[in-house]
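# Results of the structural survey
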There are 2 protein chains.
Amino acid sequence: MRGAFAMASSEAETAAQAPPPPTPADCNASETAAGSLSKKQAKKLAKKEAKEDRKQQSATAAAAASQVDSAEADPLAANYGDVLVEDIQSKAISGREWTEIGALGVDLACRAVLIRGVAQTIRPVSKKMAFVVLRQFMSTVQCVLTVDKEFVSPHMVKFATGLSKESIVDVEGMISIPKDPIKGTTQQVEVQVRKLYCINRSVPNLPINIEDAARSETEFEKAELTGEQLVRVGQDTRLNYRVLDLRTPANQAIFRIQCHVEDVFRRFLRSEGFIGIHSPKLISGSSEGGAAVFKLDYKGQPACLAQSPQLYKQMVICGGFGRVFEVGSVFRAEDSYTHRHLCEFVGLDVEMEIKEHYFEVCDIVDRLFVAMFDDLNENCKKELDAINRQYPFEPLKYLRKTLRLNFQEGIKMLQEAGVEVDPLGDLNTEAEKKLGRLVHEKYDTDFYILCRYPLAVRPFYTMPCYDDPAYSNSFDVFIRGEEIISGAQRVHLPELLTTRAEACGIDVKTIASYIDSFRYGAPPHGGFGIGLERVVMLFCALNNIRKTSLFPRDPQRLVP
Amino acid sequence: MRGAFAMASSEAETAAQAPPPPTPADCNASETAAGSLSKKQAKKLAKKEAKEDRKQQSATAAAAASQVDSAEADPLAANYGDVLVEDIQSKAISGREWTEIGALGVDLACRAVLIRGVAQTIRPVSKKMAFVVLRQFMSTVQCVLTVDKEFVSPHMVKFATGLSKESIVDVEGMISIPKDPIKGTTQQVEVQVRKLYCINRSVPNLPINIEDAARSETEFEKAELTGEQLVRVGQDTRLNYRVLDLRTPANQAIFRIQCHVEDVFRRFLRSEGFIGIHSPKLISGSSEGGAAVFKLDYKGQPACLAQSPQLYKQMVICGGFGRVFEVGSVFRAEDSYTHRHLCEFVGLDVEMEIKEHYFEVCDIVDRLFVAMFDDLNENCKKELDAINRQYPFEPLKYLRKTLRLNFQEGIKMLQEAGVEVDPLGDLNTEAEKKLGRLVHEKYDTDFYILCRYPLAVRPFYTMPCYDDPAYSNSFDVFIRGEEIISGAQRVHLPELLTTRAEACGIDVKTIASYIDSFRYGAPPHGGFGIGLERVVMLFCALNNIRKTSLFPRDPQRLVP
């Protein structure tokens, strides 16, 4: 089999050196470009062939062994089959080159390519013909097997149609351009298969059909009208078989976007002089109090998992780093079983010295997020489209300069709309949603900052307002009416911090080293925390945060 | 005080608009650039002055209130003092601009600047003169107070010399260039102080003196010769007062380099088609077995903290993402109390599909680290110098193409050097160190990859060699004779994986969802894991991993 592989490889290499390809109509004959080899190329090829010859013997034996029933009498048996275990055990480096499926385009017409992908659909047409759609990441291509004398035998067609869906397959073939556009695949070329090897077989009966998992709401609506029965894959089933669920185009897109959000977060902050840090997740005491914590035994000492890097990022500011950020795990032992809470998520945290005003922090939020949204819209079009196909959504509306409202203004807007709210209490999820709609109507934005929250609803380390201690130098940020960021100026005065902690019912002894950090010269500072999963969920208007966590953790789920 | 601030601010703005500065000798007179104001600038200035005038009254009262004992009779009282709490509570945005201390250079000669920094040293010369060295991040500048009629009173000098070290201070002044080079500061200019306000006072007696904490071994050696008594700050004291310890130039540098390592890691992998992921840290079962785990109760279920993202990053590969990486917390409940083990550290993890051979993974390691070392040497000179001053070290030697040795070759080298080693056992720390020295001598590199480890010393998910099941498709990577990376091809065949897990004494029921992941079509793959703290420690040849963790966690330390 190696020998067979190597031949195609030489072809592929040769093809890469060849002059511009002929038009699709010209390329029915098989490619023979050996005549155009340079001396160096010929020498390289000879060397490779000699090397491959040595392997040929065992490879042929191997191929025979693995295709006993279907291929014993087949003279083209070397062109297909299951690869041997030893061939995927780092036995040798052939020097062959694989082309990514996403890179298969008309520019490769009539070229020989080698691709590796997942057999997404396998469709026998006759004993002499079959289609196999191969998928790699977010791209798919149609591979065509047509019986001929040189490459494809009826046995090979049978072998291909006998593969189970989702098996990993290597295909060598020629790129051709069909007359009509191809509806079912992302790539608008076909691969005329010459060789096909199964790298890894999936079980025949998959717990989830990728086709079902990728189906859009629109399809379900249409099916309802026509009376067609479609399988709907529920959230729990998806999460139980997450490895399969992750293969849908929408999920491939979601986690690419998530990575992109983190890219922009990091890049933007680095360009603004911030330093990325890592604070401990295993801590003594109960960190910030408030939300429930996961407790554990740490070498005989009571410990807990950090609910946020809050205290530590502030300590690093006291350590003289000026501006810092952290991307890290955050743990909340909350019992909330909602569409927007997880017991473990990824926190994007920022903390910075301020000179005069916590609006310096809001400025960073403003510019960071406008940069992020711009970047996503510009550079993740394919991903956003993939999500939109399965979960249709309206693009996020945001202003070039982010709207800032005071909490009191928000209260007033809600009251004027007939919503009963406590002017010194926190907004509940419903009120936040409503305010989001009111802001959208009035200001034409889905993204805004709400400042100057009542002190009573903020954590103890929040700086009170200079002119009214009932309010605080704090803010929340909303996307589509849901909170994604909390931020504030912090108390950097140890006496005030102690008073505030006590007033909030926190045992100051448990946070002594934190409070002490402010005794050695502490700069005024502020910061904010973001939930990464929430940013992605709300930017794409997804309905559940479990969709934006690879392996979500909620009160009822700890596996897989 | 605001009014006073505003005046200087206008000056600073004006200075920024003014023609190239005169030579240092020209600038004894105070700066008056109002004549060169454009109409627009003048209007802006007038507007600002009017605004500031309104604040003047309360500011003056405030200044007076805070300087009762020293300043009542001082006509220049507005030029110094402690700022009021309300002035650092987000009261107003003045529009003033602060210059970073690191940006103070000869190009700013005779310009008015406003800086904020930490009072590192305060040196009274007489009742009429004092020096204050201000520090910001890794930069320091000398500020000079000299009594004159316009700005600095004897009271002001007294106020300045009465400040406690490490207090946060705002200084307005003119940049001047001294005749002789300044030895004690990074910036080669001085600030002739006109105004000085204390933003936050530190306690008078600091638990650690930054000067002591920053002292180099060379200084201690010299002191020993002269009989001088120097305070040596021990590791535990440093860590107990980490917020102060972090302010030394070496520590400022270490964590900037750490961030830079992560930058390069991420940027390199992104450019190679890898996607950043986040896997859960709260998991059921005992993840990989082997090393001790932290256990906890998860809503009534037994859970533990992930010892690595190993199983999850592999599952994401089965989810069809091709190439992934993760930067995240890793927890090890080990009892090791060594210079190189922590109970919590930052893992840099990589996992990728491979086509044929685990050397594809080694290729990534090779190129990633060469890129990283190049980048650090080129872009972190200042940081490396700062570390070198306190902890002198030899620059890392590495080859353009990283050396790869087989484990068996390593064993042979050790045996030839007279070291007794088990050819199928693991190398202990001493043997690794020795091999590092032998490799350094023979190949002139401190960085190399050791491949093909005995299967018995690798985790159950490691792919055995095709030709000898006593060995595995695995590797470790060493810097200066210490391991920083473990990597391998993984077993992607569920039957073999089950057999291997059982052979390693792992209860396969606890990892059922992991093993099942390979039943739905699994690509051959491999990857590696790096300890971030170790990379920084070993690149800079530091002697303890606690130096490269902001708040290290070991069996005896959970605070701060």
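Residues numbered from 1 in each chain as written. Chains lettered and ligands numbered in written order. Predicted model: local features only at pLDDT ≥ 70, side-chain atom pairs only at ≥ 80, totals over all residues. Heavy atoms only, no water.

As recorded by an unreviewed UniProt entry, chain A carries the name aspartate--tRNA ligase and is attributed to Musa acuminata subsp. malaccensis. UniProt lists a comment for chain A under the heading Subcellular location (unreviewed entry), and it reads "Cytoplasm". Taken from UniProt, the Sequence similarities (unreviewed entry) comment for chain A reads in full: "Belongs to the class-II aminoacyl-tRNA synthetase family. Type 2 subfamily." (UniProt positions renumbered as here; feature names shortened; annotations may be inferred.)

Moving on to the relation of the copies chain A and chain B. Least-squares fitting of chain A to chain B yields an RMSD of 0.0 Å, with the superposition described by an axial translation of 0.0 Å and a rotation of 180°. What the rotation and shift describe, once combined, is the action of a two-fold rotation axis. Among all residues of chain A, the one whose C-alpha sits closest to the rotation axis is A:Leu296, at a distance of 2.6 Å. Looking at the interface residues of chain A, 100% of them are also at the interface in chain B, so both copies use one shared face. (Least-squares fit on C-alpha atoms with pLDDT ≥ 70 in both. Contact = heavy atoms within 4.5 Å.)

What follows deals with the interface of chain A and chain B. At the interface, 113 residues of chain A touch 113 residues of chain B. Taken together, the two surfaces of chain A and chain B that pack against each other cover about 9400 Å², and 59% of this comes from carbon and sulfur. At the surface where chain A touches chain B, the tally comes to 10 salt bridges. Residue A:Lys299 pairs with B:Asp335 through a salt bridge whose shortest N-O separation is 2.7 Å. Here chain A and chain B share 65 residue pairs in polar contact (both at pLDDT 80 or more) between them. If one sorts the elements of the side of chain A that touches chain B by residue count, helix α9 (residues 249-271) of chain A sits on top with 11 residues. (Buried area = accessible area lost by both parts, 1.4 Å probe. Salt bridge = Lys/Arg side-chain N within 4 Å of Asp/Glu carboxyl O. Polar contact = N/O pair within 3.5 Å; in protein donor to acceptor, adjacent residues only side chain to side chain. Helix = DSSP H or I, 4+ residues; strand = E, 2+ residues; numbered from the N terminus.)

A separate point is the pairing of strand β17 (residues 525-531) of chain B. All names here are of chain B. Counting buried positions along β17 gives 6 out of 7 residues, so the element sits mostly inside the fold. Where strand β12 (residues 344-353) meets β17, 7 bridges bridge the pair, whose relative direction is antiparallel. Bridged to Asp 349 within β17 is Gly 529. Sheet analysis places strand β16 (residues 482-489) next to β17, joined by 5 bridges and oriented antiparallel. (Buried < 20%, exposed > 50% of the residue type's maximum accessible area, 1.4 Å probe, protein only. Pairing = 2+ DSSP bridges.)

With that settled, consider the environment of A:Asp507. Tracing the sequence through the fold places A:Asp507 in the loop between α15 (494-503) and α16 (512-516). Here the alpha-carbon distance between A:Asp507 and A:Gly285, two residues 222 residues apart in the chain, equals 9.1 Å.

Attention now moves to the packing of helix α9 (residues 249-271) of chain B against helix α17 (residues 532-539) of chain B. All names here are of chain B. Between α9 and α17, the shortest axis-to-axis distance is 10 Å and the interhelical angle comes to 120°. As far as their axial angle goes, α17 and α9 are oblique. In this structure, α9 crosses over α17, and the sense of that crossing is right-handed. Here Ile 254, Ile 257, Gln 258, Val 261 and Glu 262 of α9 come into contact with α17, specifically with Leu 532, Glu 533, Val 535 and Val 536. Taken together, the residues of the contact of α9 with α17 sort by class into 6 nonpolar, 1 polar and 2 charged. (Axes fitted to C-alpha atoms, helices over the stretch in contact; angles between N-to-C directions. Parallel < 35°, antiparallel > 145°, perpendicular 65-115°, else oblique. Left-handed = near helix turned anticlockwise from the far one by under 90°. Nonpolar A, V, L, I, M, F, W, Y, C, P; charged D, E, K, R; others polar.)

We now examine the pattern of salt bridges. Applying the stated criterion across every chain yields a total of 74 salt bridges over all chains. In this structure, A:Asp516 engages A:Arg519 in a salt bridge whose closest nitrogen and oxygen atoms are separated by 2.8 Å. A relative accessible area of 28% places A:Asp516 in the partly exposed class. The class of A:Arg519 is partly exposed, set by a relative accessible area of 28%. One salt-bridge network, held together by shared partners, links A:Glu262, A:Asp263, B:Arg266 and B:Arg270.

With that settled, the discussion passes to helix α14 (residues 429-443) of chain B. Working note: α-helix, 3.6 residues per turn, so residues spaced by three or four point in the same direction. Residue and element names in this part refer to chain B. Between its first and last C-alpha atoms α14 spans 20 Å; for 15 residues at 1.5 Å apiece the expected length is 21 Å, and the two agree. Within α14 the residues assigned to the buried category are Ala 431, Glu 432, Leu 435, Gly 436, Leu 438 and Val 439. Backbone geometry just downstream of α14 places Asp 444 in the positive-phi region, at approximately 60°. (Expected span 1.5 Å × (residues − 1).)

Within the secondary structure, B:Ser279 sits in the loop between β7 (275-276) and β8 (282-283). In this structure B:Ser279 comes out as buried when scored by relative accessible area, which is 5%. Among the polar contacts made by the side chain of B:Ser279, one reaches the side chain of B:Glu326 at a distance of 2.7 Å. Those residues in contact with B:Ser279 that lie beyond four places of it in its chain are A:Glu344, B:Pro309, B:Tyr312 and B:Glu326.

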